[in-house]
Structures are given as structure tokens and as C-alpha cells.
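Results of the structural survey
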Amino acid sequence: MSHFIDHNYIENLIGENTNPSKEEILAVCEKASNMEGLTHSEVAKLLHVTDPELLKRIYKTAGQIKNKIYGNRVVMFAPLYISNHCVNTCSYCGFQNNNDMCRRRLTMEEIQTEVKILERMGHKRIALEAGEDPKNCPIEYVLESIDTIYNTSEAQGNIRRINVNIAATTVEDYKSFKTKALAHIYYSRKHTTNQHMKQII
Ligand code: SF4
């Protein structure tokens, strides 16, 4: 898969926006409060803030925006790990490739069993989780798993929403998610796209 993130652009942007003034930061917060959307340079400025008062202002602004968009609510979802195959070596993760452990992915029957347990507990939302391994956990398997989850129901009801938490993938793979009858949110498991940070983690 080709890299679609321009690391030089990001590094330059961060470098060009060091030492923002207090007025600049307050103006960015004001713009964000008005839900106008921020430019890349404005976001880069925020990354350099260390002043506790300004940080407080940023957090307050973020909280206000969150409340405007989502209201005062917390959404719970249950994680469902379908595969622990992974080609990566993130140092904090038990699934990292250099850990000598039993590797497997759940069968569709096992997924059904897990989903029924979660449904009996009253869950309506699932975060579907899998390590990154195109060979042992291909997109076709993930799509089949999604179908299985949506088609599994107990007396208490069924799963209404699946958040898919897998590795970044191709445009074609993303399109295949769109073909599913029920909409689900996709979010990538890459905790950082920064090359330097990736080496560290
Ligand atoms: S990519 Fe995900 S599953 Fe794989 S080692 Fe990193 S955090 Fe763990």
C-alpha cells in the first residue's frame, strides 16, 4: 500500500508554527468555538502551547464543541476481538508479532457465540477489533464477520452498530465496507502515522 500521508509536509507545518502568541491561540479557540473549522497551520499552532492557562482554554473549547455536537452523553460499546494475528511490533501490545503465542482468528460460529453473550448483556454496539495481517485476517474475513454479527440476534435484540477497528487499508477495501447494508464507522488502528513515533512504539 502506498503512503498517502506527507510526513515532510506535517513536519514542516509543525516547524513553521512554533512559538505562537497568546493572541493567535485565543483567535484559534474563538474560531473553533464558532464551529468554523481550523486550517492545518492553526492546528499546528495549538500543538506548541505549553502555557497552563492557554491549555485550559483549549480544553474548555474542545469540551464546548463536543457538547454542541454530541450533547451530554457517553456511548458505550463492547470490544470484540476476532483475530490476534498481527505483523506489527507495537511495544505496548500483547499481540505484537514477536510475542510467541497461539495465533488464531475466530470462526463464524465462535463469533456468533460471543455476540449472543454480548446481546444477552444488553449491548447494542460493538467495536470489532483485529490485528494487522492481510494474509491471516484478510478484508473478506472481516466483511464476513460483520455480516455474521449483524445476522446474530437474541431475544434481547441485536447489534445495531459496529465500529470497525482494523489497520489502515486500500481504497478498494474501504469501498467494500460501503457495500454493507448497515452503516458502520471505520476507524483505523494505527495509533500514529508519524514515522519517527512508529519506530519508537
Ligand atoms: S498493530 Fe495493533 S494489534 Fe498489532 S501490535 Fe500494534 S497495537 Fe497490537
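Coordinates for the structure precede this section.
Summary of the structure given here.

Parameters at a glance
- Residues numbered from 1 in each chain as written.
- Predicted model: local features only at pLDDT ≥ 70, side-chain atom pairs only at ≥ 80, totals over all residues.
- Core = buried A, V, L, I, M, F, W, Y, C linked by C-beta atoms within 7 Å.
- Buried ≥ 20, exposed ≤ 12 C-beta atoms within 10 Å, placed from the backbone.
- Helix = DSSP H or I, 4+ residues; strand = E, 2+ residues; numbered from the N terminus.
- Contact = placed C-beta atoms within 7 Å.
- Axes fitted to C-alpha atoms, helices over the stretch in contact; angles between N-to-C directions.
- Parallel < 35°, antiparallel > 145°, perpendicular 65-115°, else oblique.
- Left-handed = near helix turned anticlockwise from the far one by under 90°.
- Nonpolar A, V, L, I, M, F, W, Y, C, P; charged D, E, K, R; others polar.
- Near = placed C-beta within 6 Å.
- Pairing = 2+ DSSP bridges.

What follows concerns the nonpolar core. Ile126, Leu128, Val142, Ile149 and Ile162 are the most contacted members of the largest nonpolar core, which totals 16 residues. Of all elements in the fold, only β1 (78-83), α5 (108-120), β2 (125-130), α6 (139-150) and β5 (161-166) reach the threshold of two or more residues within this core. Here Ile149 is in contact with Ile111, Val115, Ile126, Ile159 and Ile162, once residues within four sequence places are set aside.

Closest axis-to-axis distance for the α5/α6 pair is 9 Å, and the angle between their directions is 40°. By the criterion of interaxial angle, the relationship of α5 to α6 is oblique. You can see that α5 and α6 cross each other, and the crossing is right-handed. The segment α5 lies against α6, with Met108, Ile111, Gln112 and Val115 engaging Glu144, Ser145, Thr148 and Ile149. Within the contact of α5 with α6, the residues separate by chemical class into four nonpolar, three polar and one charged.

Around the ligand, nine residues are found, and the nearest of them are Cys86, Asn88, Cys90, Cys93 and Gly131. Partitioned by chemical class, the residues of the shell around the ligand number four nonpolar, three polar and two charged.

Right, let's get into the pairing of β5. Only one face of β5 is covered, namely the face carrying Ile162, Val164 and Ile166; the face carrying Arg161, Asn163 and Asn165 is uncovered. When β2 meets β5, the two strands line up parallel, connected through five bridges. When the sheet's bridge partners are listed, Ile126 is paired in β5 with Ile162.

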